[in-house]
Amino acid sequence: MGFYEFFYRYFVEPIKYNQGYNIVNTLVYALILGVAVLLLYKMLKRMGIKIDERFFIALMPYILLGPLMRSITDIGLLPRTYLTVSPGGYFVIAGFAIASLFAVWRHCNDERLYPIYRDFGWILVAGLLFIMVINWDKLSVRWDYFKYFIPSLILAESFIWALSKKFELVRNNKILFYTHFYDATTTFVGIQFFGFWEQHVLARTLMNIFGTPAVMYLEKLVIITLVVYILDRLMTEEDPELINFVKLTIFILGFGPGTRNLLIALLR
């Protein structure tokens, strides 16, 4: 198999035919993400931007852009191309976020940076929402989704709340656990009650083994616990801002897909 055939089989066909992820592209995308996180962190350090609450708030509209673009693509309001579905769509959004930050930073490297950067992000979000509004007559809302989602979410997040009372590691990182159990809940409800399917290869394999999408909760619990244990207990000598940036990335990896799942399930 030549390079073109290899690339087409493992990277193009999964997007073209909506096949989900496979082991090869999952590992490659994970590697790209790891390298990107380190490079972005170094860039932010050179720009003098701290990974703190102000930065998180300013970044929030860009975090919403990814799932919003993916959901309106899946319901047919945007053409399905490599640049509008994952992971290509997330590369596009990341490009917008980085370019916007750099442009704002070049022109106002002071206290105005965060609010201007944030507001520009909300303008982009408003553009995607405008596409939904002008096409609203083509959509319908699946309101019965909430009768499954809300009780499932309450049970899931109550479990994390209980764990946070007992375990310091969970308590110190509860926002990450809450976020990823939100993601797990959208996956569980969508597959269990509405006939959706899982795109990620590990989760798909676990569901086939255990016979239920509820295994997503166990997968999330194990993975997030392992990751935060490494960050908080084994990397204590690392720059705290690097740890914060990695945790921000983990938050995005839970909040983004979860919100995408929620929107796709609600709108049809």
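Quick look at the structure, then. (Residues numbered from 1 in each chain as written. Predicted model: local features only at pLDDT ≥ 70, side-chain atom pairs only at ≥ 80, totals over all residues. Heavy atoms only, no water.)

### A few points about the pattern of salt bridges
Working step 1: Under the definition given, this model contains eight salt bridges.
Working step 2: Here D183 and K220 are joined by a salt bridge, their closest N and O atoms 2.7 Å apart. Of the two residues, D183 sits in helix α8 (residues 174-194) while K220 sits in helix α10 (residues 215-234), which places them 37 residues apart along the sequence.
Working step 3: When its relative accessible area of 13% is taken as the criterion, K220 is described as buried.
Working step 4: Overlapping salt bridges bring together D52, R54 and E111 as one network. (Salt bridge = Lys/Arg side-chain N within 4 Å of Asp/Glu carboxyl O. Helix = DSSP H or I, 4+ residues; strand = E, 2+ residues; numbered from the N terminus. Buried < 20%, exposed > 50% of the residue type's maximum accessible area, 1.4 Å probe, protein only.)

### A few points about a nonpolar patch on the surface
Working step 1: Residues L202, I209, F210, L218, V222 and I223 make up a contiguous nonpolar surface patch of roughly 590 Å² in combined accessible area.
Working step 2: Contributing elements (two or more residues each) for the nonpolar patch: α9 (201-210) and α10.
Working step 3: Within the secondary structure, L202 sits in helix α9.
Working step 4: With relative accessibility at 45%, the residue L202 sits in the partly exposed group. (Patch = residues over 30% accessible without salt bridge, like charges linked within 9 Å, V, L, I, M, F, W, Y side chains within 5 Å. Areas by Shrake-Rupley, 256 points an atom, 1.4 Å probe, with all protein chains shown as cover.)

### Notes on the environment of V12
Working step 1: The residue V12 is located in helix α1 (residues 3-16) in this model.
Working step 2: A C-alpha to C-alpha distance of 37 Å links V12 and K147, two positions 135 residues apart in sequence.

### Quick word on the nonpolar core
Working step 1: Core analysis: the largest hydrophobic core is formed by 66 residues, its most contacted members being I49, F55, L101 and Y145.
Working step 2: Sequence-distant contacts of L101, that is, excluding residues within four places in its chain, are made with L44, M47, I49, F55, L113 and Y117. (Core = buried A, V, L, I, M, F, W, Y, C linked by side-chain atoms within 4.5 Å. Contact = heavy atoms within 4.5 Å.)

### Here's the deal with helix α5 (residues 113-134)
Working step 1: Taking 1.5 Å of rise per residue, the 22 residues of α5 would be expected to cover 32 Å, and the 32 Å separating its terminal C-alpha atoms lies within 8% of that figure.
Working step 2: Listed in full, the buried residues belonging to α5 are L113, Y114, Y117, G121, V125, L128 and M132. One side of α5 holds all its buried residues, which, seen down the axis, span an arc of 100°. Exposed side chains of α5 directed beyond 90 degrees from the buried face belong to I123, F130 and V133.
Working step 3: Tucked inside the fold, the buried residues of α5 contact α3 (53-74) and α4 (88-107). (Expected span 1.5 Å × (residues − 1). Arc of directions from axis to C-beta.)

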